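What follows is the residue order along each chain.
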Amino acid sequence: MGTTDRRGGKAPSGQGLIGRRGLLLGASAAGLALAAGCSGSGDAGGGRSLRVSSYGGNFEQALRDHIYPLFTEATGIRVESMPQPAGLQFLLQLIEANKAGQTPMDLCISAPVDVMRGNAAGLWRTYDADRIPNLANLPDSYLTRRPDGLAAVGAVGWYFTMVTNPQAISPTPASWTELWAPGRRNAWGLAGTGAGPMYEVTAATYFDGPEMLNTEAGIRACVAKMAGLKPNTRLWWESEGTMQTALENGEVQGGVYFADVAETLIQSGANLEVVFPREGPVIDFGSWCHPSASTKTEEAHEFINFMLTPQAQNLIASRMNAPPLIRPELLTLDDTVRAKVTSPTTPIATNLEARRLHMDLMVQEFSQMLAS
Amino acid sequence: MTTADVAITSQASGTRRIGEPWVLAGLLTAPGLYIIIMAVVPAFLMVQLSLAHREVGGLWSPGFELTQYRQLATPLFARVMGFSLLLAVAGAAICVSLAFPAAYFITRMKRRAQVAWLVFLLGSLSLSEVLIVFAFQVLLSTSGTLAGALSAVGLLAPGASLYPNFPAVLSCLVYLLLPYVILYFYPALSQLDPEVEQAAATMGASRFSTFTSVVLPMMRGQILTGVLLVVIFTFGAYLTPLVLGRPPQWTVAIHISNAAMGAGNVPLAAAYAVAVVVFMVALLALTRLLSRRRGAEA
């Protein structure tokens, strides 16, 4: 199961047993990782190696078991895989470790907000685009550039979409408007992160799209519409474990959730349905980031180049249930996998510019709306 | 450290020497240093952080500005503080009115029964808060025991659940704090001279009126301190309202966490925290002032 949150939002906070366990595991893993960094390990055993961290649980496990071995086979570089917790604590710890010249990993996955924060704190080293020929496979929207170069390269995507319990919610909803429907009192578990995907959902469903979030007036209008969700929302979840528990034990009849985690739950027997509404699911992605204190720059470039191959991206789809980021025509997916990881409707992109400009306002307006 | 050792041995032989200044200084060095390093320095850093410059697209940079405090002047902050106080006072009232009689009856039991109760109470303290809160969640959920039983006898609609709401938050907080408050009252009540009550009884007072007109007034100071103890604990409640409450029942601690971990606005979170500390100190000062005035009137 996805045991750690991956959004730049709040780290698991004790809400939901699994989320909490994820936090504890993640935190201790980070602690161990920091300790390992301090002892200067990483080259043990000789040969070239690379320490790579990714969100704990499903993500990290699938990468470690199915994708990294192929990279080692192709390049001879051994990958030391480790789980990382999401959220601010991880980033702050990493900033401190990096300042001390001892990063626990050479590459990590970061949500767009953390890429931005890391950039502001001088945490990430830029890549040399010429040494990653496969960058050509990736649409430009998944690259984060700064004036001095390329700071982050898209690693893996994820959808926030509608997940329902078909026994309680029938027929299958076709639109996000179902979340506002008068007959759905106390039915949903929705993302409660202050600057989370509910902004995109609302903006795309009732307005002209997430562009509106670039202005303060747009944010306020969007929040006013979101207030209509309150009577229908039983749970405003912040850690994915909380929502998972609520879906599994029937506390909620559905809501907004990660499509890949929902797929994994379905595979393990949960009675759930992943719905891609006509307005589109919200897509967000994690990027490979390279802390500046890492000395494995050469290996990091080779690793990213490998991760952008169609071979690796096909595996991201089939093993992680996650949408690959490279151009679709390069992928060779069978129909079942394709149906799981690609939305039949155009996804709504997360408006990162709005977070860069108005993060605090978005969180404040959202909290105020919830609390009143 | 050797000074402290000497002081402790001398304390065993007679308390007179404790008053000597160098012994006292020796004894207070370790806790004093601890308080300075672990409380005063972080408090200073918190104030410093609350004045830092927030960078919306990033984290924060050093600065000296009141921007964060200006942001506290919102209806949301007033609401959240008001709710946290309401929750704390309600929790304190319930806790103390349950714990005080409970502690009183425990002290009036036979020795063995008293020990059994104390062991039970201490044992319940060893349960983690996280476990208790999630146990409450299970108990109150649709598929839980309590909701199931209530809907079986027709008191609750089938499929309804008893959380998230205010009573769920309040009852879990009372459960969490009750053992502490009973254990807090126990020593004072067990030292209450039985002859006082016997005197009241010989003068014809019933047990009830002895309790209300003799025991309660004698313990007024302890009761007030007990109330404050629960208020301070509850004001900072985090997990219980998060799991068992809806957003309107979120305490200031949850909003601090949202500001820091959600928005990455650590200066705002620090300003929230400073405001809470100031509010609590003001509340304690006010309580002390009022109780002094009442003491003077009496």
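Along every chain, residues carry numbers that run from 1 in the direction the sequence is written. Whichever chain is written first becomes A and whichever ligand is written first becomes 1, with later ones labelled in order. With the structure being a predicted model, the display of local features is reserved for residues of pLDDT at least 70 and the display and counting of side-chain atom pairs for 80 or more, all residues being used for whole-chain, interface and lining totals.

Draft legend 1. Examining the overall build of chain A more closely. Counting secondary structure elements, chain A contains 12 helices and 11 strands. Residues with at least 20 neighbouring C-beta atoms inside 10 Å of their own are called buried, those with 12 or fewer are called exposed, and the rest are partly exposed, where every C-beta is derived from the backbone. Counting only residues that meet the buried cut, chain A has 58% of its 372 residues in that class. Runs of H or I in DSSP of at least four residues are treated as helices and runs of E of at least two as strands, each being numbered from the N terminus.

Draft legend 2. Quick peek at the overall build of chain B. Each helix and strand counted, chain B has 14 helices and two strands in total. Reported as C-alpha extents along the three principal axes, the dimensions of chain B are approximately 75 × 70 × 40 Å. In chain B, which comprises 298 residues, the share counted as buried stands at 29%. Relative to all contacts within chain B whose residues are 6 or more apart in sequence, the contacts with residues 24 or more apart total 63%. Contact between residues is assigned whenever the C-beta positions, reconstructed from backbone atoms, fall within 7 Å.

Draft legend 3. Representation of the interface of chain B and chain A within the structure. Taken together, the contact between chain B and chain A spans 30 residues of the former and 31 residues of the latter. Of all the elements in the fold, those that place two or more residues in the side of chain B that touches chain A are helix H4 (75-107), helix H6 (129-140), helix H12 (239-244) and helix H13 (252-262) of chain B. At six residues, the largest contribution of residues to the side of chain B that touches chain A is made by H13 of chain B. Each residue gets one of three labels, nonpolar for Ala, Val, Leu, Ile, Met, Phe, Trp, Tyr, Cys and Pro, charged for Asp, Glu, Lys and Arg, and polar for the others, Gly among them. The class makeup of the residues in the side of chain B that touches chain A is 15 nonpolar, 12 polar and three charged.

Draft legend 4. Layout of the domain arrangement of chain B. Residues and elements named next belong to chain B. Residue ranges for the domains originate in an automatic or database domain assignment. Assigned domains of chain B: these are domain 1 (3-50) and domain 2 (60-297). Taken together, the contact pairs four residues of domain 1 with seven residues of domain 2. Counted by class, the side of domain 1 that touches domain 2 contains three nonpolar, one polar and no charged residues.

Draft legend 5. Region of interest: the nonpolar core. Residues Leu-107 and Phe-303 of chain A together with Cys-95, Ala-99, Val-181 and Ala-269 of chain B are the most contacted members of the largest nonpolar core, which totals 164 residues. Among the elements that take part in this core, helix H8 (residues 166-190) of chain B stands out by supplying 14 residues, more than any other. The contact partners of Cys-95 of chain B, leaving out residues within four places of it in the chain, are Val-174, Leu-177, Leu-178, Val-181 and Val-230 of chain B. We call a set of buried Ala, Val, Leu, Ile, Met, Phe, Trp, Tyr and Cys residues a nonpolar core when their C-beta atoms link them within 7 Å.

Draft legend 6. The pairing of strand E1 (residues 49-55) of chain A, seen in detail. Residues and elements named next belong to chain A. The buried fraction of E1 is high, at seven of seven residues. Handedness of a crossover is defined as follows: with both strands directed away from the viewer, a clockwise route from the first strand across the helix to the second makes it right-handed. Between E1 and its parallel partner strand E2 (residues 78-84), the chain crosses via helix H2 (residues 58-75), and the hand of that crossover is right-handed. At least two DSSP bridges between two strands are needed for those strands to be called paired. Summarising the sheet, E1 and strand E3 (residues 107-110) pair through two bridges and their orientation is parallel. Bridging across to E3, Val-52 finds its partner in Leu-107.

Draft legend 7. Layout of the environment of Ile-182 of chain B. Residue and element names in this part refer to chain B. Looking at where Ile-182 falls in the secondary structure, it is placed in helix H8. In the structure, Ile-182 is positioned 81 residues away from Pro-101 in sequence and 8.8 Å away in space, judged by C-alpha atoms. Apart from the residues within four sequence positions on either side, Ile-182 is in contact with Ala-99, Ala-102, Ala-103 and Leu-121.

Draft legend 8. Region of interest: helix H11 (residues 220-235) of chain B. Residue and element names in this part refer to chain B. The span one expects for a helix is its residue count, reduced by one, times 1.5 Å. For H11, built from 16 residues, the straight-helix expectation of 22 Å at 1.5 Å per residue is met to within 8% by its first-to-last C-alpha distance of 22 Å. Inspection of H11 places Gly-226, Val-227, Val-230, Val-231, Thr-234 and Phe-235 among the buried residues, and these make up the whole buried set. Relative to the axis of H11, the buried residues are bounded by an arc of 160° and lie together on one face. Along the arc lie the directions from the helix axis toward the C-beta atoms.

Draft legend 9. Summary view of the pairing of strand E7 (residues 233-237) of chain A. All names here are of chain A. Counted residue by residue, E7 has five buried out of five residues, so it is predominantly covered. Here strand E6 (residues 188-191) runs beside E7; their pairing, made up of four bridges, is parallel. Among the inter-strand pairings, Trp-188 is bridged to a residue of E7, identified as Thr-233.

Draft legend 10. Structural context of the domain arrangement of chain A. All names here are of chain A. Taken domain by domain, chain A holds domain 1 (23-157 + 283-341) and domain 2 (159-282 + 347-371). Taken together, the contacts link 11 residues of domain 1 with 14 residues of domain 2. Looking at the side of domain 1 that touches domain 2, the elements that each hand over two or more residues are helix H4 (112-120) and strand E10 (282-289). No other element matches the three residues that H4 contributes to the side of domain 1 that touches domain 2. When the residues that make up the side of domain 1 that touches domain 2 are grouped by side-chain class, the tally is seven nonpolar, two polar and two charged.

Draft legend 11. View of H13 of chain B. Counted residue by residue, H13 of chain B has 11 buried out of 11 residues, so it is predominantly covered. Phi turns positive one or two residues past the end of H13 of chain B, at Gly-264 of chain B, with a value near 75°.

Draft legend 12. Region of the structure containing the confidence of the model for chain A. Known as pLDDT, the predictor's per-residue confidence is scaled from 0 to 100. Looking at chain A as a whole, its pLDDT mean stands at 87, while 88% of the residues score no less than 70. In the model, residues 7-44 of chain A has pLDDT below 50 throughout and makes 107 contacts with residues more than four positions away in sequence or in other chains.

Draft legend 13. Structural view of the environment of Arg-111 of chain B. The residue Arg-111 of chain B is located in helix H5 (residues 111-125) in this model. In this structure the C-alpha to C-alpha distance between Arg-111 of chain B and Thr-240 of chain B, which are 129 residues apart in sequence, comes to 35 Å.

Draft legend 14. View of the packing of H4 of chain B against H8 of chain B. Residues and elements named next belong to chain B. The geometry of H4 relative to H8 is characterised by a closest axis approach of 7 Å and an angle of 45° between their N-to-C directions. Viewed along their axes, H4 and H8 adopt a mutual orientation that is oblique. For H4 against H8, the interelement crossing comes out right-handed. Each residue belonging to the contact of H4 with H8 can be placed in one class, and the counts come to 23 nonpolar, three polar and no charged. Angular values range over 0 to 180 degrees, each being the angle between N-to-C directions of two axes fitted as lines to C-alpha atoms, with helices fitted over their stretch in contact. Oblique is the label for any angle not under 35 degrees, not over 145, and not in the 65 to 115 range, which are roughly parallel, roughly antiparallel and roughly perpendicular in turn. The handedness criterion is simple: a crossing whose near helix is rotated anticlockwise from the far helix by less than a right angle is left-handed, and one whose near helix is rotated clockwise is right-handed.

Draft legend 15. Geometry of the environment of Ser-161 of chain B. Here Ser-161 of chain B lies in the loop between helix H7 (145-152) and H8. Taking the C-beta count within 10 Å as the criterion, Ser-161 of chain B has 22 such neighbours and is therefore assigned buried. Taking C-alpha positions, Ser-161 of chain B is 5.0 Å from Ser-141 of chain B, a pair spaced 20 residues apart along the chain. Residues contacting Ser-161 of chain B, with those up to four places away along its chain left out, are Glu-251 of chain A together with Leu-140, Ser-141, Thr-142 and Ala-147 of chain B.

Draft legend 16. Representation of unusual backbone geometry within the structure. All names here are of chain A. Note the cis peptide between Ser-170 and Pro-171, where omega equals 0°. Mapped onto the elements, Pro-171 comes out in the loop between strand E5 (149-164) and E6. The backbone of Asn-321 sits at a positive phi, close to 55°, despite the residue not being glycine. Secondary-structure assignment places Asn-321 in the loop between helix H10 (310-320) and helix H11 (335-341).

Draft legend 17. Expanded view of the confidence of the model for chain B. Residue and element names in this part refer to chain B. Per-residue confidence for chain B gives a mean pLDDT of 88; residues scoring 70 or more make up 93%. In the model, residues 1-14 has pLDDT below 50 throughout and makes 11 contacts with residues more than four positions away in sequence or in other chains. Taken over the whole predicted complex, pTM reads 0.83, whereas the ipTM for its chain interfaces reads 0.81.

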